[in-house]
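Inside the fold
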Amino acid sequence: MKSTMMMILALAGLGLGAASGQMVFEKSLIEMTAEPDQEEITVEFRFTVKGDKEVEIGEYDAPCTCLEARISDNGRLVWQPGESGTVQGVFKTGNFMGSVDKMIVLRMNGETEPSVKLTVRMHIPVLLEIEPKTLFWNQKDAVKSQSFKLTVNGDEPLQILELSGTNENFVEELKTIKEGREYEIVVTPKSLEERAFGLLRIKTDSKHVKHQRYQAFMAIRRGEIGE
């Protein structure tokens, strides 16, 4: 995690110091926290053109389809010394959960590689925390039950309305630890003879559509006893 953070910061710093020495951004990293039901977040990276030469943006893009990049003044690409504007990022939260980093890149006219990298960091609420995300069994182990721990975050309690598994080899049982706040899902495989994968769909009564369905996973993998 630390090395990833250092790499992101290094890339962000590269964007500030580049831009042909002309386009200077106030920030290269913007963090935003979404509301539980928020579907779209807009951030603005403000810049000013420094020096005595115009700046021409040759290309701008956000590699992820979840993020749209826009330039102020109706997408103007040529900016004169002293002028200021914004690079806008419109982020679609979709099914993302937790912290998500997405990048906008700008290539100046005459350059072969992007010289500006702007990072949008979204913090998207997780109203139902599931640990672990995946339960594993090894084929040569003895059959035993394992559990998902479900914790409700935020002020409002959640009820688990329904469990739906995609693989009949896994039997799920819901246990209420603390009504509306803590649950346990006990999973027991019928057999470990063959490798298998299962998806567990968890339906809640959240008023936020995005948080009405969560997922967890089960897998039987090849392995030696005790692995």
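Owing to the predicted nature of the structure, the values given are computational and were not obtained by experimental measurement.

What counts, and at which threshold
- Residues numbered from 1 in each chain as written.
- Predicted model: local features only at pLDDT ≥ 70, side-chain atom pairs only at ≥ 80, totals over all residues.
- Heavy atoms only, no water.
- Phe/Tyr/Trp six-rings, centres within 6.5 Å; stacked < 30°, edge-to-face > 60°.
- Helix = DSSP H or I, 4+ residues; strand = E, 2+ residues; numbered from the N terminus.
- Buried < 20%, exposed > 50% of the residue type's maximum accessible area, 1.4 Å probe, protein only.
- Lys NZ or Arg CZ within 6 Å of the ring centre and 35° of its normal.

**With respect to the packing of aromatic side chains**
Inspection of every chain in the model, using the stated rule, returns five aromatic pairs. With a centroid separation of 5.1 Å and 85 degrees between ring planes, the pair formed by phenylalanine 47 and tryptophan 79 is classed as edge-to-face. Of this pair, phenylalanine 47 sits in strand 3 (residues 40-49) while tryptophan 79 sits in strand 6 (residues 78-79), and the two are 32 residues apart along the sequence. The class of phenylalanine 47 is buried, set by a relative accessible area of 1%. What makes tryptophan 79 buried here is its relative accessible area of 1%. Ring centres of tryptophan 137 and phenylalanine 170 lie 5.7 Å apart, and the angle between their planes is 40 degrees; on these two criteria the pair is classed as tilted. Of this pair, tryptophan 137 sits in strand 11 (residues 134-138) while phenylalanine 170 sits in strand 14 (residues 170-178); the two residues are 33 residues apart in sequence, bridging distant segments of the chain. Tryptophan 137 gets classed as buried once you look at its relative accessible area, which sits at 3%. Clustering of aromatic rings is evident, with ring pairs tying together Phe25, Phe47 and Trp79. When the ring centre of tryptophan 79 is taken as reference, the NZ or CZ atom of arginine 76 above it lies at 3.7 Å.

It is worth stressing that arrangement in space is one thing and function is another; only the former is reported here.
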